[in-house]
Amino acid sequence: MTKAKTNRGHKQQMGQFMTPSNLSLSIIEKNNYTINSKVLEPSFGEGSFILNQIDLFIKNVYKDDSIETVKTILKENIYGCEYDEILYEKCIENIKIKYNLTEFDHNLKHGDFLITNFDNVTFDFIDGNPPFGGTINSLYNEKLDKKYGKVNGLKIKKETYSFFVIKSLEMLSDNGKLTFICSDTFKTINTMKGLRQVMLQHTVDLQNLNYFSEETTYGMV
């Protein structure tokens, strides 16, 4: 890992680009949730996807917006992970404020998704905006490269979003659906050839985003 990369600002280190709520909703609103669905957001930030997931479970599945229903959704249906402690606490606070909660049981974990254990739960839907260009912690850099750096003989570039994709694919149920926002660079650059080949082993629907937010001018899909 180069000194220049490890000396970058906090936001760059984390690869953070916050997803606007209207965008996260447009991505998940057609997901066919059921009362048994397990849904994961592996880098939930301030909770853009999480809050919309709760709303969709209320609207389409439980058809009840009581506090007890929200608590059930958070305990039984929704899982998540966030590395940044400030954003993690912000998400928890946003949930409390929006749904008038004080304390509640949940499956939202503070930690690095790439080394976080979800007790072998498989997920029907994994949605989110994984970190792009983030720095992988040097304490387990080599360990993660051994685990996610090669799939069926295909080399996977050591990059946060590519490793997020590989781990997420492993955690999907047999008929599960993975939907990520990410940089469009993986479509063409040679170092992402392995990731492209792994993705093509699944049914893929690739859509360009005409606009993400003011945070970035990168091409996004």
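Preceding block: the structure.
This report concerns the structure included in the present document. (Residues numbered from 1 in each chain as written. Predicted model: local features only at pLDDT ≥ 70, side-chain atom pairs only at ≥ 80, totals over all residues. Heavy atoms only, no water.)

### Quick look at the overall build of the chain
Thought 1: When helices and strands are counted, the chain shows 9 helices and 7 strands.
Thought 2: The 221 residues of the chain split such that 49% are buried.
Thought 3: Of the roughly 11,900 Å² that the chain leaves accessible, carbon and sulfur atoms contribute 48%. (Helix = DSSP H or I, 4+ residues; strand = E, 2+ residues; numbered from the N terminus. Buried < 20%, exposed > 50% of the residue type's maximum accessible area, 1.4 Å probe, protein only. Areas by Shrake-Rupley, 256 points an atom, 1.4 Å probe, with all protein chains shown as cover.)

### Here's the deal with the pattern of salt bridges
Thought 1: Counted under the stated rule, the structure contains 5 salt bridges.
Thought 2: In this structure, the salt-bridge partner of Asp55 is Lys98, at a minimum N-O distance of 2.6 Å. Of this pair, Asp55 sits in helix α4 (residues 48-62) while Lys98 sits in helix α6 (residues 85-99), and the two are 43 residues apart along the sequence.
Thought 3: On the basis of relative accessible area, Asp55 is assigned to the partly exposed category, the value being 25%.
Thought 4: Using a relative accessible area of 44% as the deciding quantity, one classes Lys98 as partly exposed.
Thought 5: Two residues, Lys96 and Glu103, come together in a salt bridge whose shortest N-O distance is 3.9 Å.
Thought 6: Lys96 gets classed as partly exposed once you look at its relative accessible area, which sits at 23%.
Thought 7: Residue Glu103 is classed as exposed on the basis of its relative accessible area of 59%.
Thought 8: Three or more residues are tied together by salt bridges with common partners; here these are Asp145, Lys155 and Lys158. (Salt bridge = Lys/Arg side-chain N within 4 Å of Asp/Glu carboxyl O.)

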